[in-house]
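Residues per chain are reported as follows:
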Amino acid sequence: MKHIIGVAAGKARRPVKAPVRPLVAASQPRHPAPSRPPVQEVAAPAPPQATLVTVDEDYAGQRLDNFLIRHLKGVPKTHVYRIIRSGEVRINKGRAQADTRVEAGDIVRLPPVRTSERADQKAQAMAEEVARHGASSTVGGYAPSREFPVLFEDDFLLAIDKPAGVAVHGGSGVSFGVIEQLRMARPEADFLELVHRLDRETSGILLIAKRRMALKLLQEQFRERETDKVYLALVSGNWPANHRVIDKALHKYLLPGGVGEGERRVKVVANDHPDGMRSVTLVKVKSAFAAVPAAPDTPFTLLEVTIKTGRTHQIRVHLANEGHPIAGDDKYGDFELNKSLQKSVAGGVPLKRMFLHAWSLKFNHPKTRKTIHLETPLPDELQQFLSVRLQGSAGPAAQP
């Protein structure tokens, strides 16, 4: 008997069945497979290129690091100094140091840089904020757009009448000030910087430079005492008419623990004090006033005050040290007197702010060098406070 290999004896081999395909009804046509779009080759983006910036006269004399910080907005300062050290920044094709002074006409090479993510996010948030709420929005902590009364303006500078209660810039618990509000109101302005400062509670003339050249020259005039700034200050008591010069050094310090801890204050110190700074204030009596119903035992004097040095709180501290504090001064004034002046008595207008006003300013125009003399009258709240008391003045009752 023969044996067939691989087949068991007595068993037939079962045929292999072909796979069963599902039947497709004739009424249901078969859909062709979707065709794939042709693959398109995308060209790689061109690498960022360095840019060349020509220094104009407004930036002549500025340090290279400060020049870059202004032109590379949003770039961290550490990166600015890194690209200077590495030689990526060039002036007239040559390497330069951070303290190199740029001159008008210099060609500065700026390498391609990336702004910080935080700066990009802030710019995007600002754009969305303005688009959603308008430029006057304060949502999110941004400065509201605001214009101020203009006393003088041209292509080089702007002089405004600053109201009391508004800081000149943000900081120290204040999210924004005059300069931030002006920048929001004038987005087309390339340059707006404070020439000098006024205390938050002081009203009056404030200068803003619209070009860097103007800022530099005006600040030089203030520093060299070439300007003539006159304030109006109402002080308690009868100021001696022959007391015209206060020449006493001032020293800044921080309040110790307790109420107001860490706040900055100023005091008079001996002229030979190692930390004292010489400070000169000129005083002239403008009007003398009798006692008022709110303070029947206290006469007042309206002074014209000229400062020859621009120290912090100079007028306030000098006058208070002479025994004649400014009415309404909440840092160096007579606190009990201030409380009484805040009340309306016998039809008098209450005084709810410090009576200090930047009244007159004389300086040379940064471009033409011609003398500019600005004056702004006392604001309404101070005029009204004095108006009912002029009839009882004990001296010249000239209307300020």
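Whatever comes next refers back to the structure up there.
Note that this is a predicted model, so its numbers are computed, not measured. (Residues numbered from 1 in each chain as written. Predicted model: local features only at pLDDT ≥ 70, side-chain atom pairs only at ≥ 80, totals over all residues. Heavy atoms only, no water.)

> Requested: an account of the overall build of the chain, with residues and values cited.
The secondary structure content of the chain amounts to 8 helices and 16 strands. Of all 400 residues assigned to the chain, the portion counted as buried reaches 39%. Carbon and sulfur atoms make up 52% of the accessible area of the chain, which totals about 24,200 Å². (Helix = DSSP H or I, 4+ residues; strand = E, 2+ residues; numbered from the N terminus. Buried < 20%, exposed > 50% of the residue type's maximum accessible area, 1.4 Å probe, protein only. Areas by Shrake-Rupley, 256 points an atom, 1.4 Å probe, with all protein chains shown as cover.)

> Quick one: what's the story with unusual backbone geometry, residue by residue and with numbers?
Positive phi values are uncommon outside glycine, yet N92 reaches one of about 55°. Looking at the element boundaries, N92 is found in the loop between β2 (90-91) and β3 (94-95). A positive phi angle, close to 55°, is found at H313, a residue other than glycine. Mapping H313 onto the fold places it in the loop between β14 (300-307) and α6 (314-321).

> Go over helix α1 (residues 64-71) with me, naming the residues and quoting the values.
Among the residues making up α1, those that are buried are L64, D65, F67 and L68. Here the buried residues of α1 occupy an arc of 160° about the axis, which is enough to place them on one side. Elements in contact with the buried residues of α1: β1 (51-54), α2 (77-85), β2 and β4 (107-110). (Arc of directions from axis to C-beta. Contact = heavy atoms within 4.5 Å.)

> How would you summarise the side chain of D106 if you had to cite specific residues and measurements?
Its location among the elements puts D106 in the loop between β3 and β4. Buried charge without a salt bridge: D106, with R101 as the nearest opposite-charge side chain at an N-O distance of 11 Å. Side chain to side chain, D106 and N92 meet in a polar contact 3.1 Å long. Here the side chain of D106 touches E103 through a polar contact of 2.8 Å, landing on its backbone nitrogen. In contact with D106, not counting residues within four places along its chain, are V53, T54, V55, I91, N92 and R101. (Lys, Arg positive; Asp, Glu negative; His and termini not counted. Salt bridge = Lys/Arg side-chain N within 4 Å of Asp/Glu carboxyl O. Polar contact = N/O pair within 3.5 Å; in protein donor to acceptor, adjacent residues only side chain to side chain.)

> Can you lay out the nonpolar core for me, pointing to particular residues and giving the numbers?
Across soluble globular proteins, nonpolar side chains have a tendency to be buried as a group. Formed by 44 residues in total, the largest nonpolar core has its most connected members in I208, L234, L319, I326 and F355. Other than its neighbours up to four places away in sequence, L234 contacts F289, F300, T301, L302, P325, I326, A327, F355, F385 and L386. V80, V195, I205 and L374 belong to the second largest nonpolar core, which has 35 residues in total. (Core = buried A, V, L, I, M, F, W, Y, C linked by side-chain atoms within 4.5 Å.)

> Residues and numbers for the sheet that holds β3, please.
Strand order in this open sheet of 4 strands is β1-β4-β2-β3, and the pairing throughout is antiparallel. The open sheet has two free edges, formed respectively by β1 and β3, since each of these has just one partner strand. Judged from the 2 bridges that link them, β2 and β3 form a sheet pairing that is antiparallel. Across the sheet, the residue bridging to I91 is G94, located in β3. Packed onto the sheet, α1 meets β1, β2 and β4 and runs at close to 60° relative to β4. (Pairing = 2+ DSSP bridges. Axes fitted to C-alpha atoms, helices over the stretch in contact; angles between N-to-C directions.)

> So what's going on with the pairing of strand β6 (residues 157-162)? Residues and values would help.
Among the 6 residues that make up β6, 6 are buried, leaving the element largely enclosed by the rest of the structure. Going residue by residue along β6, you find L157, A159 and D161 tucked away on one face and L158, I160 and K162 tucked away on the opposite face as well. Note that strand β5 (residues 150-153) and β6 share 3 bridges and pair antiparallel. Within β6, the position partnered with V150 by the bridge is I160. In this sheet, strand β8 (residues 203-209) lies alongside β6 in antiparallel orientation, the contact comprising 6 bridges. Residue pairing across strands places A159 opposite L207, the latter belonging to β8.

> Describe the pattern of salt bridges, naming the residues involved and giving the relevant values.
As a working rule, side chains carrying opposite charge can pair if their charged atoms are close by. Applying the stated rule across the entire model yields 13 salt bridges. A salt bridge links D330 to R316; its shortest N-O distance comes to 3.7 Å. Here R316 lies in helix α6 and D330 lies in the loop between α6 and α7 (335-341), a separation of 14 residues in the sequence. R316 gets classed as buried once you look at its relative accessible area, which sits at 5%.

> So, the packing of aromatic side chains: which residues are in play, and what are the values?
Going through the model one piece at a time under the given rule, you end up with 2 aromatic pairs. The interplanar angle of 85° and the centroid separation of 5.9 Å between the aromatic rings of Y59 and F67 together place this pair among those described as edge-to-face. When sorted by exposure, Y59 lands in the same class as F67, which is buried. In this arrangement the basic side chain of K267 is found over the ring face of Y253, its NZ or CZ atom lying 5.2 Å from the centre. (Phe/Tyr/Trp six-rings, centres within 6.5 Å; stacked < 30°, edge-to-face > 60°. Lys NZ or Arg CZ within 6 Å of the ring centre and 35° of its normal.)

> So what's going on with the pairing of strand β15 (residues 356-364)? Residues and values would help.
A large share of β15 lies buried, amounting to 7 of its 9 residues. Relative to β15, strand β9 (residues 228-236) is paired through 6 bridges, and the arrangement is antiparallel. Residue pairing in the sheet places L232 in a bridge with H357 of β15. With 5 bridges joining them, β15 and strand β16 (residues 371-375) adopt antiparallel strand pairing. What sits directly across from L361, in β16, is L374. The turn linking β15 back onto β16 is made up of 6 residues, and R369 within it adopts a positive phi angle of 70°.

Keep in mind that these numbers describe shape and distance, not what the molecule does.
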